[in-house]
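As a plain string of letters, each chain reads:
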Amino acid sequence: MRQEHFVARHEYEWREFERWLEHRSASARHARGHRREWNGLSDDQLPERHRRLCQQLALARRRGYSAVVTDRLQQLMQRGHSVLYRTKPVHWRRAIEFLLAGFPRLVRAERHCMLAAALLFVLPLASIFVAIQIKPDLAAGLFDVQSLARFEQMYDPAGKSDLGRTDEDDLQMFAHYIGNNVGIGFQTFASGLVAGLGTVFVLIFNGVMIGGVAGHLQAVGHGDPFWRFVAGHSAPELTAIVIAGGAGLRLGLSLIAPGQRRRIDSLIHGGRRGAKICIGVFAMLVFAAFVEAFWSSIAGVPAPVKYAVGAALWVLVGLWLLRGGRNAAYRDDEDAA
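Residues numbered from 1 in each chain as written. Predicted model: local features only at pLDDT ≥ 70, side-chain atom pairs only at ≥ 80, totals over all residues. Heavy atoms only, no water.

What about the confidence of the model for the protein chain?
- Residues of the protein chain with pLDDT of at least 70 account for 87%, and the chain-wide mean is 85.
- Of all the helices and strands in the protein chain, helix α2 (residues 28-33) carries the lowest mean pLDDT, 54, while helix α6 (residues 111-134) carries the highest, 96.
- Note on residues 328-337: pLDDT under 50 across the span, and 17 contacts to partners over four residues away in sequence or across chains. (pLDDT = per-residue confidence, 0-100. Helix = DSSP H or I, 4+ residues; strand = E, 2+ residues; numbered from the N terminus. Contact = heavy atoms within 4.5 Å.)

Structure representation (structure tokens):
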């Protein structure tokens, strides 16, 4: 086909494509708001038209058409590609929707790994706590004398007005808690790359350490200040660590038991799901740090109020993870993958 006939045959659809790019691609919100006024190429037709444009460009090059034609088609193809494959902006509504619905659905989809992580964390915690109540000297095998003395000073019932707090102000402690919590969460997830064994070790280690501190303080009579301190932020913080551990175990299983996928594909898929879960874990840990810095350390609040707030947060976290995203309005394509 001669170049003149080729251009005449496809000129109309090229102009339609150009017109769509000029009037519809700049702002998706503006395009949605004025879709009834638009009488040109429909949005649903764009992918098909873009594929046709790529075919026409390849055909024009193979036939040796002039640079006027090939350059024009090349520019249209690149502009269309940038619209079709550009990274979608992060909207607050989408982020909130993910936290309220998508994240709980991902957690429930990995419920077996989450249950395993919970057992690996809770059983050592509870076991070492009970063991120290029976034999208090066990705490000396977990911590040095200086650390035990520091714990007792921080939660001394006759001590200062701030529970579990050094002399830094709330904002400094907020930043400190964020760094500490997020560091533990990331370590728990990322260590799953070591065939899941790293996550198993981190969960057991943190369970033993937390149980050891709680058991020692309870055994020496400093339990009341400690429980009042941890009551508020324990629900989001401990749950987030368990969820990060579940994501880490899933990452390890993707490596050692890829199923019908290639090992690298299974690892990529598990890593993507784990990364999404870690977004929710990060939000939980930041919230836990906020509660820990601005609420948990206040000693003047009566114990029943502290425990009531803590219980309410446990209930809310549980309902969120068990019920969030069960309606059909939110759908994450990777949930079914």
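We are not done yet, so read on.
Comments concerning the pattern of salt bridges
- Per the counting criterion, the structure on display carries ten salt bridges.
- The residue Asp265 makes a salt bridge to Arg262 at a minimum N-O spacing of 2.9 Å.
- Here Arg262 falls in the exposed class, since its relative accessible area comes to 56%.
- Connected via shared salt-bridge partners are Glu11, Arg15, Glu18 and Arg72. (Salt bridge = Lys/Arg side-chain N within 4 Å of Asp/Glu carboxyl O. Buried < 20%, exposed > 50% of the residue type's maximum accessible area, 1.4 Å probe, protein only.)

A short note on the environment of Ser296
- Structurally, Ser296 can be placed in helix α12 (residues 263-296).
- Given a relative accessible area of 0%, Ser296 falls into the buried group.

Overview of the nonpolar core
- Ranked by size, the top nonpolar core spans 20 residues in total, and within it Phe103, Val107, Ile243, Ile277, Val281, Met284 and Leu321 carry the most contacts.
- For this core, the elements supplying multiple residues, two or more each, are α5 (92-109), α11 (223-256), α12 and α13 (303-323).
- When residues in this core are grouped by element, the largest group, six residues, is from α11.
- In this structure, Phe143, Val213, Ala214 and Phe229 belong to the second largest nonpolar core, which totals 18 residues. (Core = buried A, V, L, I, M, F, W, Y, C linked by side-chain atoms within 4.5 Å.)

Some details on helix α8 (residues 145-154)
- Buried within α8 are the following residues: Ser147, Leu148 and Phe151. The buried residues of α8 all sit within an arc of 100° when viewed along its axis, so they share a single face. The outward face of α8, more than 90 degrees from its buried face, is lined by the exposed residues Val145, Gln146 and Gln153.
- Measuring from the side-chain oxygen of the N-cap residue of α8 to the backbone nitrogen of Gln146 gives 3.2 Å; that N-cap residue is Asp144. (Arc of directions from axis to C-beta. Polar contact = N/O pair within 3.5 Å; in protein donor to acceptor, adjacent residues only side chain to side chain.)

Brief notes about the side chain of His10
- Within the fold, His10 resides in helix α1 (residues 3-24).
- What makes His10 buried here is its relative accessible area of 11%.
- Of note is the side chain of His10, whose polar atom sits 3.3 Å from the side chain of Glu13.
- His10 has contacts with Arg52 and Gln56, leaving out every residue within four places of it along the chain.

Some details on the side chain of Glu237
- In this fold, Glu237 is placed in helix α11.
- The class for Glu237 is buried, based on a relative accessible area of 15%.
- When sequence neighbours within four positions are dropped, the list of residues in contact with Glu237 reads Asn181, Leu285, Ala288 and Glu292.

Brief notes about the packing of aromatic side chains
- Per the stated rule, a full pass over the model turns up 13 aromatic pairs.
- Considering the side-chain rings of Phe290 and Phe294, the 4.9 Å spacing of their centres and the 45° angle between planes classify their relative orientation as tilted. In this pair, Phe290 and Phe294 both sit in helix α12, four residues apart, roughly one turn of the helix.
- The partly exposed category is assigned to Phe294, whose relative accessible area is 29%.
- For the cation-ring pair, Lys306 lies above Trp295, with the distance from its terminal atom to the ring centre recorded as 5.8 Å. (Phe/Tyr/Trp six-rings, centres within 6.5 Å; stacked < 30°, edge-to-face > 60°. Lys NZ or Arg CZ within 6 Å of the ring centre and 35° of its normal.)

Here's the deal with the packing of α12 against α13
- Relative to each other, α12 and α13 sit at 170°, their axes nearing to 13 Å. Between α12 and α13, the angle is such that the two are roughly antiparallel. Counted together, Met284, Phe287, Trp295 and Ser296 of α12 and Val305, Lys306, Val309, Leu313, Val317 and Trp320 of α13 form the full contact between these two elements.
- Across the contact of α12 with α13, the residue classes break down as eight nonpolar, one polar and one charged. (Axes fitted to C-alpha atoms, helices over the stretch in contact; angles between N-to-C directions. Parallel < 35°, antiparallel > 145°, perpendicular 65-115°, else oblique. Nonpolar A, V, L, I, M, F, W, Y, C, P; charged D, E, K, R; others polar.)

Describing unusual backbone geometry
- Of note, the phi angle at Ala195 is positive, near 55°, even though the residue is not glycine.
- Mapping Ala195 onto the fold places it in the loop between α9 (170-190) and α10 (197-219).

Some thoughts on α5
- The first and last C-alpha atoms of α5 sit 24 Å apart over 18 residues, in line with the 26 Å expected at 1.5 Å per residue.
- Listing the buried residues of α5 in full gives Phe98, Ala101, Gly102, Phe103, Pro104, Leu106, Val107 and Arg108.
- Residues of α5 that are buried make contact with α6, α11, α12 and α13. (Expected span 1.5 Å × (residues − 1).)

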